[in-house]
Amino acid sequence: MVPASGIAPGRLVSRHGRTRSHAFILALAGVLLALGIAVPLAIADGGSLAAHPIATIIAAVLCVAGLGLAVAWKAMEPKTVLELHDRGIVVVHTRTKSEDFVPFAVMGDLYLYRTGQQSGHVNALAFRRDAQSPWVHVHDTLGDAFRLRGAIIEGQLRERGPLTLRALEAGEGVVFHTVSDEERHARRDVRTAPAISARAFYLSPLGVEFEGLTIPISDIASVDEGTSSGSLRLLDERGNTLWGVHYLSLFSADLFIVLMRTLIEARQYGLGGVTSNKPY
């Protein structure tokens, strides 16, 4: 499969659909069905089942339970299965039997968030090509979702990172998005959370541009990733905060940090090749 982007998915690394609990249900259904068939045959020992009514009833109950679990297993089929490839994610829509390939190189937004009221580790991720594309969510309802989320973050850095760096070297701006703290907290209840509403800002070789605010790269001395609070701040030489955001409120935060530090180091060490065609 070679999509319109011209990038082939590459080698299939893993497939993420049903979880281990789904496999357990299917295995249990198989065991019950096997027992439902084997038990009466073993008891009858070649004779008539009519002589063993209790065994027949037990066998019928086991078979019904096994069939019920098999039907439940089929009903729990995920609507979306994600295939991890070397170059991106193939989104398989099981209901329509259609596929959509999202290359890491064009994965514009990664949104890490928490679901549920508990504090702790991030347990969900969403990705999309750009602001006009639909989100694809990676919840724990997908098999081995934790490893898949890590692979997606790594893939975006590996494939999209060099492309965005070359864009910055050519003087172009790179679009990033943020959400408010209210939006970030609303994600905890995926049943009632509103559609994701994000604000765009631009990173260029000469600065970070927000609506009504521009921070020249010459004023930025470092990027502070904060502590367990999750804060992410741009600091000047005196350690004053020029701009701050929560890590989970910034889409593609890891990519932003890498690019920001590259621009800062290029300015501090006088490295060439990073220019801008957009003065501030």
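Here, every reference points to the structure presented above.
Everything quoted here is computed from the prediction, not taken from an experiment.

A rise of 1.5 Å per residue sets the reference length of helix H3 (residues 145-169), with its 25 residues, at 36 Å; its end C-alpha atoms lie 35 Å apart and thus fit the reference within 8%. The axis of H3 is deflected most strongly, by about 40°, at Arg160, and proline Pro162 appears within four residues downstream. Following H3 by one or two positions, Gly171 has its phi on the positive side, about 85°.

Further remarks concern the nonpolar core. By size, the foremost hydrophobic cluster in this structure holds 24 residues, and its most contacted members are Phe256 and Met260. Breaking this core down by element, the ones donating at least two residues are strand E8 (174-178), strand E9 (199-204), strand E10 (207-210), strand E13 (231-235), strand E14 (241-246) and helix H5 (253-268). At eight residues, the largest contribution of residues to this core is made by H5. Apart from residues no more than four positions distant in its own chain, Phe256 is found in contact with Phe176, Phe201, Leu203, Leu232, Leu234, Trp243 and Leu250. Membership of the second largest hydrophobic core comes to 20 residues, among which are Leu82, Leu112, Val136 and Val138.

Here we take up the sheet that holds E10. The sheet built from four strands is open, its strands ordered E8-E9-E10-E11 with antiparallel pairing. Two strands bound the open sheet, and with one partner strand each, they are E8 and strand E11 (213-216). Each strand of the sheet is rotated relative to its neighbour by a mean of 20°, with strand direction disregarded. With four bridges connecting them, E10 and E11 associate as antiparallel partners. Among the inter-strand pairings, Gly207 is bridged to a residue of E11, identified as Pro216. Along the sheet, H5 contacts E8, E9 and E10; its crossing angle with E9, the most-contacted strand, is approximately 30°.

Time to look at H5. Its 16 residues give H5 an end-to-end C-alpha distance of 22 Å, which sits within 8% of 22 Å, the value for a rise of 1.5 Å per residue. For H5, every residue scored as buried is listed here: Ala253, Leu255, Phe256, Ile257, Leu259, Met260, Leu263, Ile264 and Ala266.

Let us look at the pairing of E13. Strand residues, when the strand is regular, have side chains that alternate between the two faces of the sheet. In this structure, strand E12 (residues 222-224) lies alongside E13, joined through three bridges in antiparallel fashion. Looking at E13, one finds that Ser222 is bridged to Leu235. Of the strand pairs in this sheet, E13 and E14 are connected by five bridges, and their pairing is antiparallel. Residue Leu235 lies in a different strand from E14, and its bridge partner there is Thr241. Where E13 folds back on E14, the antiparallel hairpin that results is connected by five residues, among which Gly239 adopts a positive phi of roughly 85°.

Our focus in this paragraph is the packing of aromatic side chains. In total, this model carries 11 aromatic pairs according to the counting rule given. Between Trp135 and Phe251 the ring centres are 5.3 Å apart and the planes differ by 85°, which places this aromatic pair in the edge-to-face class. Of this pair, Trp135 sits in the loop between strand E6 (124-128) and strand E7 (136-138) while Phe251 sits in the loop between E14 and H5, placing them 116 residues apart in sequence. Exposure remark for Trp135: the relative accessible area of 18% places this residue in the buried category. Pairing Phe201 with Trp243 gives two aromatic rings, centres 5.5 Å apart and planes at 55°, and the pair type is tilted.

We now examine the pattern of salt bridges. A complete count under the given rule lists 11 salt bridges for this structure. A salt bridge links Asp224 to Arg233, with the nearest nitrogen and oxygen atoms 2.7 Å apart. Judged by its relative accessible area of 21%, Asp224 falls in the partly exposed class. Salt bridges sharing common partners tie together Arg87, Arg158 and Glu159.

Using the criterion set out here, one finds two cavities of 30 Å³ or more in the structure. What lines the largest cavity is a set of 14 residues, among which Leu110, Leu112, Ser252, Ala253 and Asp254 lie closest to the centre. Secondary-structure elements contributing two or more residues to the lining of the largest cavity are strand E5 (109-113), H3 and H5. Of the residues belonging to the lining of the largest cavity, the class tally is 11 nonpolar, two polar and one charged.

On to the sheet that holds E5, then. Read across the open sheet, the three strands follow the order E5-E6-E7; overall the sheet is antiparallel. Bordering the open sheet on either side are E5 and E7, each of which pairs with just one other strand. Direction aside, the axes of adjacent strands within the sheet are offset by 20° on average. Taken together, the five bridges between E5 and E6 define a ladder with antiparallel strand orientation. When the bridges of E6 are listed, Leu110 appears paired with Phe127.

Each value, and the rule that gives it
- Residues numbered from 1 in each chain as written.
- Predicted model: local features only at pLDDT ≥ 70, side-chain atom pairs only at ≥ 80, totals over all residues.
- Heavy atoms only, no water.
- Helix = DSSP H or I, 4+ residues; strand = E, 2+ residues; numbered from the N terminus.
- Expected span 1.5 Å × (residues − 1).
- Bend = angle between axes of the 7 residues up to and from the residue.
- Core = buried A, V, L, I, M, F, W, Y, C linked by side-chain atoms within 4.5 Å.
- Buried < 20%, exposed > 50% of the residue type's maximum accessible area, 1.4 Å probe, protein only.
- Contact = heavy atoms within 4.5 Å.
- Pairing = 2+ DSSP bridges.
- Axes fitted to C-alpha atoms, helices over the stretch in contact; angles between N-to-C directions.
- Phe/Tyr/Trp six-rings, centres within 6.5 Å; stacked < 30°, edge-to-face > 60°.
- Salt bridge = Lys/Arg side-chain N within 4 Å of Asp/Glu carboxyl O.
- 1 Å grid on protein atoms, 1.4 Å probe; cavity = no way out; pocket = protein on both sides within 12 Å on 5 of 7 lines; lining within 4 Å.
- Points joined across faces, edges and corners; volume = space filled by probe spheres on them.
- Nonpolar A, V, L, I, M, F, W, Y, C, P; charged D, E, K, R; others polar.

Nothing here speaks to function; it is geometry throughout.
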